[in-house]
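Secondary and tertiary structure notes
For reference, the chains in residue letters:
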Amino acid sequence: MALTLPAHPDPLAERLHTSGLLPELAHGLGGPFHYLLPERFDANLAAFRTALSDAGVEGRVYYAKKANKAAVFIDRCTDRGAGVDVASLGELREAMGHGVRGEDLVVTGPAKTPALLRVAAQQRALIAVDALDELDRVLTLDGPRPPRVLLRVHPPAQPNSRFGLDANDLDEAMRDCAEAQDRVRMEGFSFHLSGYDTQQRTDLAGDLIDLCLKARVLGLPADRISIGGGFAVDYVPADTWKTFLDRQQPGDYHAAKAFTATGFYPYHSPVAGADALAAVLAASPHGTGPRLADRLREAGLMLLLEPGRALLDRAGASVFTVQGVKNRDGYGIVTVDGTSLSLSEQWFNSEYLPDPQLVSTRTLPPAFAPYRACVAGASCLDSDLLTWRKIAFPAQPAIGDLLVYPNTAGYQMDSNESPFHELPLPPKVVIDHPDHTGRPRWRLDR
C-alpha cells in the first residue's frame with residue numbers, strides 16, 4: 001500500500017486548479033513554472049503583527065528575502081510597511097529598487113563584503129555584526145552618520161553554530177562600541193538559531209534582554225533585539241505525518257533509496273507560523289519568572305523578527321508538465337519538463353514530501369487501485385528525481401498532464417535553481433483574484 005502525504009486542503013489553490021488557467025499557462029510559457037498567491041503573504045504578515053499586538057509587544061517584521069526571489073513579495077512589504085532581511089548586495093539593491101527604504105532593511109549573513117557594509121551604512125540599514133573583525137570594518141566606515149548595528153550572539157544551545165560572537169567577544173565588542181559612539185550606533189543584539197524549538201528562542205531572547213541592560217550601563221542605546229526566523233510551517237495533517245514516519249521504508253522509494261526520518265523537514269508542526277511567535281512571547285525565559293512579552297515591555301525593548309518560509313505559507317506552488325511515463329518493476333517513472341533543482345529540498349539530501357496533485361484536462365479513467373510512480377526530471381542524471389517516493393496517483397499520468405507541487409514558495413522554488421542542460425529557469429506567475437468570483441488573472445512576476 002502506497003504511503004500518501006496530502007497537503008492541507010487549500011480552497012484558493014483548488015479554485016485555481018479547476019479554473020482551466022494552469023494548462024493555458026503551461027502551454028503559453030512552454031515549460032515548468034511557479035505560481036504565486038501574494039494575498040497569502042499579506043494574511044501571514046497580518047497574523048504575525050496580530051501576535052505582537054495581542055502580546056502587547058512593540059515589534060517589527062522583516063521578510064527574509066532569501067526564502068524567495070520574487071519581486072511581488074518585496075512589493076507587498078513596501079505597500080504594507082514591512083521590513084526586509086537581506087544578506088547580499090544584490091538582495092539589498094533589489095529591495096531598495098522596489099521601494100523599501102534603507103532604514104527598513106536589516107542586513108544579516110556572515111563576513112559581509114566591504115561593498116555591502118558600505119552601502120548598508122550609507123542607507124541607514126541595520127547591520128547584524130557577526131564577528132569582531134566585521135565590527136572593525138564597520139568602525140572604519142566613513143559617512144555622515146554612524147552605522148546602525150546589532151551584535152549577533154552565538155547560541156549556547158547550539159555550540160556548533162558558526163554564527164555569532166561568544167561571551168568574550170561580546171564583551172570586547174560592547175566596549176569597542178561604547179568607546180566609538182561617534183562612529184557606530186549599537187542598537188541591540190540578535191541571534192541565528194537553527195530548528196523550530198520555541199522555548200529555545202524564548203530562552204535566548206531572555207538572554208538578549210539581559211545583554212541590552214548590560215549594554216545600557218556602558219551608555220549604549222540597546223533598545224531592540226532580533227530573534228530571527230525559524231517559525232515552522234505546517235504542511236500536512238498530524239495523523240498522516242505520523243503514519244508516514246512510522247511506516248516509510250526504502251521500498252517506498254525508487255531504487256530503494258533510504259531516507260532517515262530525522263533528515264526530513266518537520267512537515268507537520270502543531271505550533272506554526274504566527275502561533276509559534278505567540279508561544280515564544282507567552283513563555284518564560286528558562287522556565288522561570290515573567291513571560292518574555294512582559295520582560296520586553298518592562299525593559300522598553302522592540303522585538304524584531306525575520307520570518308521567511310512562514311510568511312510564504314501557501315503563497316505559491318510549482319507546476320510541471322508530464323512528458324513521458326514508463327512502467328518499471330511494478331511502479332511507474334513519470335518524467336516531467338523540469339528538474340529536481342526547482343525543488344530545493346534536494347539540496348539537503350532529502351526531498352519535498354507533500355504529494356503533488358495530478359491536474360488534467362482529460363477525463364481521468366476510474367482507478368481500481370492507485371498508480372504508484374516516482375517523478376523524474378528531464379536531465380541526463382540518474383539522481384535527478386523530483387520525488388523518489390512512489391506517489392499514489394489517482395490514475396496513470398499521461399503526456400500533457402500537470403503535476404502541481406503544493407506550498408513551495410518558501411525556499412523550494414529557487415534556492416537551488418540552475419539552467420542545467422540550458423533548460424530555462426521556471427518563471428514565476430503572479431495570480432490575482434480580484435473579487436474571488438471571476439476567473440483568476442495572471443501576470444509575470446517581473
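Just above sits the structure.
Let me begin by describing the structure that accompanies this report. Note that the structure is a prediction, hence the values are computed from the model and not measured. (Residues numbered from 1 in each chain as written. Predicted model: local features only at pLDDT ≥ 70, side-chain atom pairs only at ≥ 80, totals over all residues. Heavy atoms only, no water.)

What about the overall build of the protein?
The test is simple: Where helices and strands are cited, they refer to DSSP runs of H or I of at least four residues and of E of at least two residues respectively, numbered from the N terminus. Radius of gyration here is computed from C-alpha atoms only, and the compact-globule reference equals 2.2 Å multiplied by the residue count raised to the power 0.38. A simple rule labels every residue: compare its accessible area, found with a 1.4 Å probe on the protein chains alone, to the largest value its type can have, and call it buried under 20%, exposed over 50%, or partly exposed in between. The contact definition used throughout considers only heavy atoms, calling two residues in contact when any of these lie within 4.5 Å. In this tally, Lys and Arg are treated as positive and Asp and Glu as negative; His is ignored, and so are the chain termini. A single reference atom marks each charge: NZ on Lys, CZ on Arg, CG on Asp, CD on Glu.
The helix and strand inventory of the protein stands at 12 helices and 17 strands. The C-alpha atoms of the protein give 24 Å as radius of gyration, which agrees with the globular expectation for 446 residues (22 Å, within 12%). Taking all 446 residues of the protein together, the buried fraction comes to 54%. Long-range contacts, defined here as pairs at least 24 residues apart, represent 71% of the contacts in the protein between residues at least 6 apart. On the protein, the mean spot of the 45 positive side-chain charges and the mean spot of the 55 negative ones are 2 Å from each other.

Let's talk about the pattern of salt bridges
The line we're drawing: Salt bridge, as used here: a side-chain nitrogen of Lys or Arg that lies within 4 Å of a carboxyl oxygen of Asp or Glu.
Evaluation of the coordinates by the stated rule reveals 27 salt bridges. Between arginine 148 and glutamate 187 there is a salt bridge, with its nearest N and O atoms 2.9 Å apart. Placement of the pair is arginine 148 in strand 6 (residues 148-153) and glutamate 187 in strand 7 (residues 185-191), with a sequence separation of 39 residues. Residue arginine 148 shares its accessibility class with glutamate 187, and that shared class is buried. A network of salt bridges, in which partner residues are shared, links Arg148, Arg185, Glu187, Asp223 and Arg224.

Here we look at the sheet that holds strand 8 (residues 224-226)
Our working rule: At least two DSSP bridges between two strands are required for those strands to pair. To obtain each axis, a line is fitted to C-alpha atoms, and for helices this fit is confined to the stretch in contact; angles are then taken between N-to-C directions over 0 to 180 degrees.
Spatial strand order, 2-3-4-5-6-7-8-9: 8 strands in a closed barrel with parallel pairing. The average angle at which neighbouring strand axes cross in this sheet is 25 degrees, direction not considered. As paired elements, strand 5 (residues 126-129) and strand 6 share 4 bridges and run parallel to each other. What sits directly across from alanine 128, in strand 6, is leucine 150. Contacts from helix 3 (residues 38-54) reach strand 2 (59-64) and strand 9 (302-305) within the one sheet, and its direction differs from that of strand 2 by about 150 degrees.

What to know about the pairing of strand 2
Most of strand 2 sits inside the fold, with 5 of its 6 residues counted as buried. Across 3 bridges, the pairing between strand 2 and strand 9 is parallel. Across the sheet, the residue bridging to glycine 59 is leucine 303, located in strand 9. In this sheet, strand 3 (residues 83-86) lies alongside strand 2 in parallel orientation, the contact comprising 3 bridges. Residue tyrosine 62 lies in a different strand from strand 3, and its bridge partner there is glycine 83.

Remarks on helix 2 (residues 21-29)
Here is the rule we go by: Working note: the arc is built from the helix axis to C-beta atom directions.
When we look at burial in helix 2, the residues that qualify are Leu21, Leu22, Leu25 and Ala26. Buried positions in helix 2, seen along its axis, are confined to an arc of 135 degrees and lie on one side of it. Seen from the open side of helix 2, the exposed residues pointing more than 90 degrees away from its buried face are His27 and Gly28. Close packing links the buried residues of helix 2 with helix 1 (11-17), strand 1 (33-36), strand 10 (316-328), strand 15 (402-405), strand 16 (428-432) and strand 17 (441-444). Within two residues after helix 2, glycine 30 carries a phi angle of roughly 70 degrees, on the positive side.

Side note on the packing of aromatic side chains
To be explicit about the condition: To pair, rings of Phe, Tyr and Trp, with the six-membered ring standing in for Trp, must have centres within 6.5 Å; the planes then decide the type, stacked if under 30 degrees apart, edge-to-face if over 60, and tilted in the middle. A ring is scored as having a charge over it whenever the NZ atom of a lysine or the CZ atom of an arginine sits within 6 Å of its centre and within 35 degrees of its normal.
Enumeration according to the criterion identifies 16 aromatic pairs in this entry. Measuring from ring centre to ring centre gives 5.8 Å for phenylalanine 320 and tyrosine 405, while their planes differ by 90 degrees; the resulting arrangement is edge-to-face. Of this pair, phenylalanine 320 sits in strand 10 while tyrosine 405 sits in strand 15, and the two are 85 residues apart along the sequence. Overall, the relative accessible area of 1% leaves phenylalanine 320 in the buried class. Residue classification places tyrosine 405 among the buried positions, given a relative accessible area of 1%. Over the ring of tryptophan 388 we find lysine 257, and its NZ or CZ is 4.7 Å from the ring centre.

Things to note about the environment of phenylalanine 264
Structurally, phenylalanine 264 is set in the loop between helix 10 (238-247) and helix 11 (273-282). Looking at phenylalanine 264, the relative accessible area reads 7%, which means it is buried. As for phenylalanine 264 and glutamate 345, which are separated by 81 residues in sequence, their C-alpha atoms are 8.8 Å apart. Excluding residues that lie within four positions of it along the chain, phenylalanine 264 makes contacts with Trp241, Phe244, Leu245, Gln248, Tyr253, Phe259, Ser350 and Leu353.

Side note on the state of the cysteines
Put simply, the rule is: Throughout, a disulfide means two cysteine sulfur atoms within 2.5 Å of one another.
Here the structure, examined in full by the defined rule, presents 0 disulfides. Free cysteine cysteine 380: the closest other cysteine sulfur is in cysteine 374, separated by 17 Å. Among the residues examined, cysteine 380 registers a relative accessible area of 62% and is labelled exposed.

Some points on unusual backbone geometry
Even without glycine at this site, alanine 255 takes up a positive phi of about 60 degrees. Among the secondary structure elements, alanine 255 is positioned in the loop between helix 10 and helix 11. Given the relative accessible area of 57%, alanine 255 is considered exposed. With a phi angle near 60 degrees, arginine 314 is a residue other than glycine that sits in the positive phi range. Secondary-structure assignment places arginine 314 in the loop between strand 9 and strand 10.

Let's talk about the environment of isoleucine 225
Looking at the secondary structure, you find isoleucine 225 in strand 8. Relative accessible area serves as the criterion here: at 0%, isoleucine 225 is assigned to the buried category. Sequence separation between isoleucine 225 and alanine 120 is 105 residues; the distance between their C-alpha atoms is 19 Å. Among residues more than four places away in sequence, those in contact with isoleucine 225 are Phe189, Ala205, Leu208, Ile209, Cys212, Leu296, Met302, Leu303 and Leu304.

A word on the packing of helix 3 against helix 4 (residues 71-80)
Put simply, the rule reads: Reported orientations rely on four angle classes, namely roughly parallel under 35 degrees, roughly antiparallel over 145, roughly perpendicular from 65 to 115, and oblique for the rest. Note: crossing handedness is left-handed where the near helix turns anticlockwise from the far helix by less than a right angle, and right-handed where it turns clockwise.
For the pair helix 3 and helix 4, the least separation of the axes is 10 Å and the interaxial angle reads 45 degrees. Here helix 3 lies oblique to helix 4, going by the angle between them. In the packing of helix 3 onto helix 4, the handedness of the crossing is right-handed. The residues of helix 4 that touch helix 3, namely those facing Pro38, Glu39, Phe41, Asp42, Leu45 and Arg49, are Val72, Phe73, Arg76, Cys77 and Arg80.

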